[in-house]
Each structure stands twice: as structure tokens, then as C-alpha cells.
Amino acid sequence: MVRHFLKDDDISAAEQAQILALASELKAAPYSHRPYEGPQTVALIFDKTSTRTRVSFSVGVSDLGGVPMVIDTGTSQMGKKESVADTARVLDRQVAAIVWRTYAHSGLEEMAANSSVPVVNSLSDDYHPCQILADLQTIQEHKGSLKGLKFAYVGDANNNMANSYLIGMALAGMHVAVAGPSQYLPNAAIVARAQEIAAEQGGSVLVTTDAVAAVSQADAIATDTWISMGQESEKEQRVKDFAGFGVDSELMSHAKSDAIFLHCLPAYRGYEVSAEVIDGPQSVIWDEAENRRHAQKALLVWLAAQK
């Protein structure tokens, strides 16, 4: 039966660990797995602008022996003259996998329901699971293991990154703390799911409006932009709302002395993070950006084997 990766818990904790181990293997030997040799084609669909996602998946598919076919929905029939379901039925006869960066998560679910090849969520309004795999690989590289570590996320706790951090980090057996203003806290159903997973994996979940409490004794700290795509008109209000939730040296001082800083990028220095933190010695953002390639390759190799 075909497997899809639309949200972080579409895989089990054991499967997540397998994928991360494979990501490390592929980082050391980039061309050791070639499931798309032939070459086969992988569809990379973009509803949103992209740098890291486009580069990492394009290079990754090539590394795996395949051909990346970038589809810009602005110049295709998809979503306009043709339904998502019909697009899936056209694509799955010709490509080995479908990777989609989109808005509504429901579109990915419709694509997967009508596809006989793996569908991968490379970003939706609700989740960003491929980024979490890369972040976990990065933390593992710098800390040696994941289980039992404390991970803190500060900022907009009601976005796709917060959702995926809650579920993905809990799946890895980490203690995950998420902090944001009261009007930007995560959906209760997401928190409940993360707590359920954490109880199974020996981790914990904290949701708070206290940024210091979230980062206290943390091993890794992350943030994300306060103004995501489509929210530009809200910038002035959001900057006011998130006052006190920027990651700066003072906030980092409450974490462990060897804590690392992550950001999925693009970053806006002086807003969600200070320049001294993101450009400082605790920042691992460039390792994190590179690891998108390796983690996503591992995911694609793993999905290709699930038949």
C-alpha cells in the first residue's frame, strides 16, 4: 500500500528514527541510494514562492537518479480548470512521487486520496513536516541523540511550524515547549495529539505565554517569521503583538550554555530573532538549511521502499 507524508505523525517514532538514520547515511554518501535511476521523474509542485524547498528537493531528486519536474501552478491548469483529484490521476501515471508546497492542507489530502504514488507535503498552512525532519537531523548531529532533550519554540505558536514542532519533536521523545502571545497559541487538537505522542515516547509538552519558561534549560531553540506569506497586511499589528517574543541574547541566556539556535528561514533580523543570535556561534541555521536536502532524500528513499 502506498505511503504518503502529509503530516508529522504519518510515520511512527520508529520510522522517524529510520529516516533520520538514512539521512545521516545519505549526507555521508550522497549517491549511495538511487531509487529513481532510469531516470524516473518526481513532480515538484509550487503554489508558493520558494528557495530552500525548491533547491533541496531538486538537487535531492537528481542525487537519487531522478529528474525533478518543477510545476508552477500559476502557469498550469491545476486548481483553475482542473481539480486536484484529476491532476493526481494525470500525474501518478507518469511520475514516481508528488511533492507539493501549497496553502490548504485539504488539497494535499485530496491529492493523496487520488494518487497511486507517494505524496509529500513540502509545506501547507497546517504543517511543515519535511522541515522538522531536517531540524531533527541537525539537532542529532550537534547533540548526539534526541530522546530526552528539551526543544523550545518561541513566537507565532499558531502556525504550521509550531504544529509540526509539537508533533514531530514529541515523536522523537523530546520535551517540547512552545511559547507565544495568548492570541497566537496552537490549536487544542494539535496540543492534545502532541501530548498523546509524548506520553508514549517519554517526552512532554508545554504550551505557555512565558518565553523564559519555554526556553529555560533548553538544548535547542527555534523561531519562525512573525509574518508568513499572505499576512503582510497584518505586519504592523503582529510586530506589536509579538513584542517580547523575539529570540535575543538575553532570552538565549536562560537556555543551556551549549544550546543551539534554529530557524527555517527566511529570517527577519531585528524582529523574531536578533542578528547577534542568528549570526552568532550558537546558530546552526546553515547546517539546518543543508539538511533539508539529506532528510528529504531519506524520506523519498524510504517512501519508495514502502510497497
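Scroll up for the structure.
Below or above, wherever it landed, is the structure these notes cover. (Residues numbered from 1 in each chain as written. Predicted model: local features only at pLDDT ≥ 70, side-chain atom pairs only at ≥ 80, totals over all residues. Heavy atoms only, no water.)

### Structural notes on the overall build of the protein
Argument step 1. When you go through the protein residue by residue, the secondary structure sums to 12 helices and 9 strands.
Argument step 2. Rg of the C-alpha trace for the protein: 19 Å, near the compact-globule value of 19 Å for 307 residues, within the 12% margin.
Argument step 3. Its C-alpha atoms put the protein at 55 × 40 × 35 Å along the principal axes.
Argument step 4. The buried share of the protein, reckoned over its 307 residues, is 56%.
Argument step 5. Taking as baseline every contact in the protein between residues at least 6 positions apart, the subset at least 24 positions apart corresponds to 75%.
Argument step 6. If the 25 positive side-chain charges of the protein are averaged to one point and the 37 negative ones to another, these points end up 5 Å apart. (Helix = DSSP H or I, 4+ residues; strand = E, 2+ residues; numbered from the N terminus. Rg over C-alpha atoms; globule rule 2.2 N^0.38 Å. Buried < 20%, exposed > 50% of the residue type's maximum accessible area, 1.4 Å probe, protein only. Contact = heavy atoms within 4.5 Å. Lys, Arg positive; Asp, Glu negative; His and termini not counted. Charge placed at Lys NZ, Arg CZ, Asp CG, Glu CD.)

### Side note on the packing of helix H2 (residues 52-63) against helix H12 (residues 285-304)
Argument step 1. At a minimum axis separation of 9 Å, H2 and H12 run at an interaxial angle of 50°. Compared by their axis directions, H2 and H12 come out oblique. Regarding H2 and H12, the two cross each other, and that crossing is right-handed. In this structure, H2 uses Arg52, Thr53, Ser56, Phe57, Val59, Gly60, Val61 and Asp63 to contact H12, whose residues at the interface are Ala289, Arg292, Arg293, Gln296, Lys297 and Leu300. (Axes fitted to C-alpha atoms, helices over the stretch in contact; angles between N-to-C directions. Parallel < 35°, antiparallel > 145°, perpendicular 65-115°, else oblique. Left-handed = near helix turned anticlockwise from the far one by under 90°.)

### Examining the sheet that holds strand S9 (residues 260-263)
Pairing between the strands of a sheet is mediated by backbone hydrogen bonds and can be parallel or antiparallel.
Argument step 1. Spatially, 5 strands are ordered S7-S6-S5-S8-S9 in an open sheet, and the strand pairing comes out parallel. A single partner strand is all that each edge strand has here, and the edge strands are strand S7 (204-208) and S9. On average, each strand axis in the sheet is tilted by 20° relative to the strand beside it, whichever way the strands run.
Argument step 2. Of the strands in this sheet, strand S5 (150-154), strand S6 (175-179), S7 and strand S8 (220-223) are in contact with helix H6 (residues 160-171), which crosses S5 at around 170°. (Pairing = 2+ DSSP bridges.)

### Concerning the layout of surface pockets
Argument step 1. When its volume is computed, the second largest pocket comes out at roughly 160 Å³.
Argument step 2. Lining the second largest pocket we find 14 residues, and of these Ala96, Val117, Pro118, Ala304 and Lys307 sit closest to its centre. (1 Å grid on protein atoms, 1.4 Å probe; cavity = no way out; pocket = protein on both sides within 12 Å on 5 of 7 lines; lining within 4 Å. Points joined across faces, edges and corners; volume = space filled by probe spheres on them.)

### A few points about the packing of aromatic side chains
Argument step 1. With the rule as written, the count across this model stands at 5 aromatic pairs.
Argument step 2. With a centroid separation of 4.6 Å and 40° between ring planes, the pair formed by Phe151 and Tyr165 is classed as tilted. With Phe151 in strand S5 and Tyr165 in helix H6, this pair connects stretches of sequence that are 14 residues apart. For the residue pair Phe151 and Tyr165, the accessibility class agrees, reading buried in each case.
Argument step 3. Pairing Trp226 with Tyr271 gives two aromatic rings, centres 6.5 Å apart and planes at 90°, and the pair type is edge-to-face. Of this pair, Trp226 sits in the loop between S8 and helix H9 (235-241) while Tyr271 sits in the loop between S9 and helix H11 (275-278); the two residues are 45 residues apart in sequence, bridging distant segments of the chain.
Argument step 4. Accessibility expressed as a relative area gives 5% for Trp226, which makes it buried.
Argument step 5. Residue Tyr271 is classed as partly exposed on the basis of its relative accessible area, which comes to 33%.
Argument step 6. Ring pairs connect the aromatic residues Tyr184, Trp226, Phe242 and Tyr271, which therefore count as one cluster.
Argument step 7. For the cation-ring pair, Arg54 lies above Phe46, with the distance from its terminal atom to the ring centre recorded as 4.4 Å. (Phe/Tyr/Trp six-rings, centres within 6.5 Å; stacked < 30°, edge-to-face > 60°. Lys NZ or Arg CZ within 6 Å of the ring centre and 35° of its normal.)

### Re the nonpolar core
Argument step 1. With 62 residues, the main nonpolar core has Ile139, Phe151, Met169 and Met174 as its most contacted residues.
Argument step 2. With 8 residues, H6 is the single largest residue contributor to this core.
Argument step 3. Setting aside residues up to four positions removed in sequence, Ile139 forms contacts with Gly144, Leu146, Leu149, Phe151, Met169, Met174, Ala220, Ile260 and Leu262.
Argument step 4. Core analysis: the next-biggest nonpolar cluster, separate from the first, contains 22 residues, Ala211, Ala255, Leu265 and Ile278 among them. (Core = buried A, V, L, I, M, F, W, Y, C linked by side-chain atoms within 4.5 Å.)

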